[in-house]
Amino acid sequence: MSLEERLTRKGPKKLLAIDGGGMRGVLSLEVLRKIEDILKEKSGHDGFRLAHYFDYIAGTSTGGIIAAGLSIGMSVQQIINFYVEAGAQMFVKANLLRRLRYKFEDEPLAAELKKVFGSDTTLGSDELQTLLLLVMRNATTDSAWPISNNPYAIYNDPMRPDSNLNFLLWQLVRASTAAPTYFPPEVILVSGKEGVKEFVFVDGGVTMYNNPAFQMFLMATVDRYWARAPEKGWPAGIENMLIVSVGTGTSPDAREGLEPDEMNLLFNATKIPSALMFAASTEQDFLCRVFGDCLAGDPLDREINTLIGSSGPLPREHKLFTYVRYNAELTREGLDALGCHQIVPEVVQKLDAVDSIADLQKVGKAVAANKVEVAHFERFPARSGAE
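Note that this is a predicted model, so its numbers are computed, not measured.

## Quick word on the overall build of the protein chain
Looking only at helices and strands, the protein chain features 12 helices and nine strands. Across the 387 residues in the protein chain, those meeting the buried criterion constitute 52%. Look at the contacts in the protein chain between residues 6 or more apart in sequence, and 71% of them connect residues 24 or more apart. Total accessible area computed for the protein chain in this model is approximately 17,400 Å², and 53% of it derives from carbon and sulfur atoms.

Structure below.
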């Protein structure tokens, strides 16, 4: 089945979103492994892949690596192997002078991405079995760039000289993972009517879409994202659409006894970006729970709790999709609640926790065991055989 046939076929649609979070993507992969196991058993197909079930897969930063891998038909285990085997190579420290600008070299990461996705594979390649959304920030235009391979999007028209489908897949993934201070930006050349333009891209995690779940929903349903399609977007509804959102762990840093004079320029420079990213990610999750029928998710805060079973501007029966959210709080309290008493929070909280892959896997397996349930997928069963 071609991608276009899959996009236009009738029936419910399943969407998957994976947050950014560096090496903490290993945590989300263990959750995805559990989901894959559940759906594989239901399908009765030994060669089952998540690309057979999910119609749209979105990812930001490390989530972009995972999303692209799943979209081309990789198993979760294959992507875990990539992180385990190539993680240390991806995070090769830059030389001392360059480290004043960023922490790691980009060449090893680019080389590893080319191995996985191919050096010539484009966003419009037939190798992509699902819709794929990657989020990055265009520093040249000072704007977020959520970019997909939807063949019906305006800027994906193959007749355009600047068609997004001509971008190299590995380079888009690299751009989405170019975390400021960790990796240098990714420069992409775009050919257009006015000649070749140079755009500088950095990690999508510094946009509002480090958690890309609600943006993916908008791009799946808003007619302008399907401007060239005979039918403008997928129908919403709790029986028509499932959104599964997988986080890479949160680490809220409560600072009791903080003194005002401690909040100097250095403090703000180091704390404000992460605070904004955490707030933006939570807001995406919040929107999904308000407009979707939330079946699973940790408490957002003490006031609104989980919103499971709640209404809002829409009564429950008129919600726009079914929604589940899996994540972990990487604090001492959060890890203890998962039974991960021996794991040190400060170790697994790091974006570059290359030496802590085994610990991240343990946390991910605990999340999967405690939070992922067969019942979450009963409205949207896997078809027998490969979909």
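## Some details on the nonpolar core
In this structure, L32, I35, L70, L169, V244, Y326 and V363 are the most contacted members of the largest nonpolar core, which totals 76 residues. A per-element tally of this core places helix 2 (residues 25–43) first, with eight residues. Each residue touching I35, except ones within four places of it in the same chain, is listed here: L50, F54, V244, Y326, V372 and F377. The next biggest cluster of nonpolar side chains, apart from the first, holds 26 residues, and it includes L15, A58, L131 and M241.

## What about the packing of helix 2 against helix 4 (residues 62–71)?
Geometry of a packed helix pair, given as the angle between the helix axes and the separation of the axes. The interhelical angle for the contact between helix 2 and helix 4, taken along N-to-C directions, is 35°, at an axis separation of 9 Å. The crossing of helix 2 and helix 4 is right-handed. Where helix 2 approaches helix 4, its residues G25, S28, L29 and L32 are matched on the opposing element by T62, I66 and L70. In terms of residue class, the contact of helix 2 with helix 4 is built from four nonpolar, three polar and no charged.

## Here's the deal with helix 4
Counting buried residues along helix 4, 10 of its 10 residues qualify, which places the element largely inside the surrounding structure. Inspection of helix 4 places T62, G63, G64, I65, I66, A67, A68, G69, L70 and S71 among the buried residues, and these make up the whole buried set. Two residues or fewer after helix 4 comes G73, characterised by a positive phi angle close to 95°.

## Here's the deal with the packing of aromatic side chains
According to the stated counting rule, one finds 12 aromatic pairs in the structure shown. Relative to F54, the ring of Y53 has its centre 4.9 Å away and its plane inclined at 85°; by these criteria the two rings are edge-to-face. For Y53, a relative accessible area of 0% puts it in the buried group. With a relative accessible area of 0%, F54 lands in the buried category. The interplanar angle of 75° and the centroid separation of 6.3 Å between the aromatic rings of F321 and Y323 together place this pair among those described as edge-to-face. Each of the two residues, F321 as well as Y323, counts as buried. Through a chain of ring-to-ring contacts, the aromatic side chains of F214, F217, F291, F321 and Y323 assemble into a single cluster. Over the face of the ring belonging to Y53 we find K14, whose NZ or CZ atom lies 4.8 Å from the ring centre.

## A word on the pattern of salt bridges
Within this structure, the stated rule accounts for 16 salt bridges. In this structure, E30 and R33 form a salt bridge, with 2.9 Å as the shortest nitrogen-oxygen distance. A residue pair is termed a helical-turn pair when its members lie 3 or 4 positions apart in one helix, as E30 and R33 do in helix 2 at three residues. On the accessibility criterion, E30 (3% relative accessible area) is buried. For R33, a relative accessible area of 23% translates into the label partly exposed. Among the salt bridges present, the one from R228 reaches D157, with a minimum N-O distance of 3.9 Å. In this pair, R228 sits in the loop between helix 8 (213–221) and strand 7 (241–246) while D157 sits in the loop between strand 4 (143–148) and helix 7 (169–176), placing the two residues 71 residues apart along the sequence. Linked by salt bridges that have partners in common, D19, D285, R289 and R325 make up one network.

So, how was this worked out
- Going along each chain's sequence as written, the residues are numbered from 1 onward.
- Reporting in this predicted model follows two pLDDT cut-offs: at least 70 for local features of residues, and 80 or more for side-chain atom pairs to be given and counted; totals over whole chains, interfaces and linings ignore these cut-offs and use all residues.
- Side-chain descriptors were evaluated using all non-hydrogen atoms of the structure, hydrogens and water having been removed beforehand.
- A run of DSSP states H or I qualifies as a helix once it reaches four residues; a run of E qualifies as a strand once it reaches two. Both are numbered from the N-terminal end.
- Only protein chains enter the calculation, and the probe is 1.4 Å; a residue is then buried if its accessible area is under 20% of its type maximum, exposed if over 50%, and partly exposed in between.
- Every residue pair with non-hydrogen atoms within 4.5 Å of one another is taken to be in contact.
- Using a 1.4 Å probe, accessible areas were evaluated by the Shrake-Rupley method; residue-level cover was limited to the displayed protein chains.
- Residues belong to a common nonpolar core when they are buried Ala, Val, Leu, Ile, Met, Phe, Trp, Tyr or Cys residues joined through side-chain atoms within 4.5 Å.
- Orientation is described by lines fitted to C-alpha atoms, with helices fitted over the stretch in contact, and by angles between N-to-C directions that extend from 0 to 180 degrees.
- Note: crossing handedness is left-handed where the near helix turns anticlockwise from the far helix by less than a right angle, and right-handed where it turns clockwise.
- Under this grouping Gly is polar, as are all residues other than the nonpolar Ala, Val, Leu, Ile, Met, Phe, Trp, Tyr, Cys and Pro and the charged Asp, Glu, Lys and Arg.
- By convention, a stacked pair of Phe, Tyr or Trp rings (six-membered ring in the case of Trp) has centres within 6.5 Å and planes under 30 degrees apart, an edge-to-face pair has planes over 60 apart, and any other such pair is tilted.
- In this analysis the charged atom, NZ for Lys or CZ for Arg, is taken to sit over a ring once it is within 6 Å of the ring centre and within 35 degrees of the ring normal.
- Put simply, a salt bridge is a Lys or Arg side-chain nitrogen that is within 4 Å of an Asp or Glu carboxyl oxygen.

Nothing here speaks to function; it is geometry throughout.
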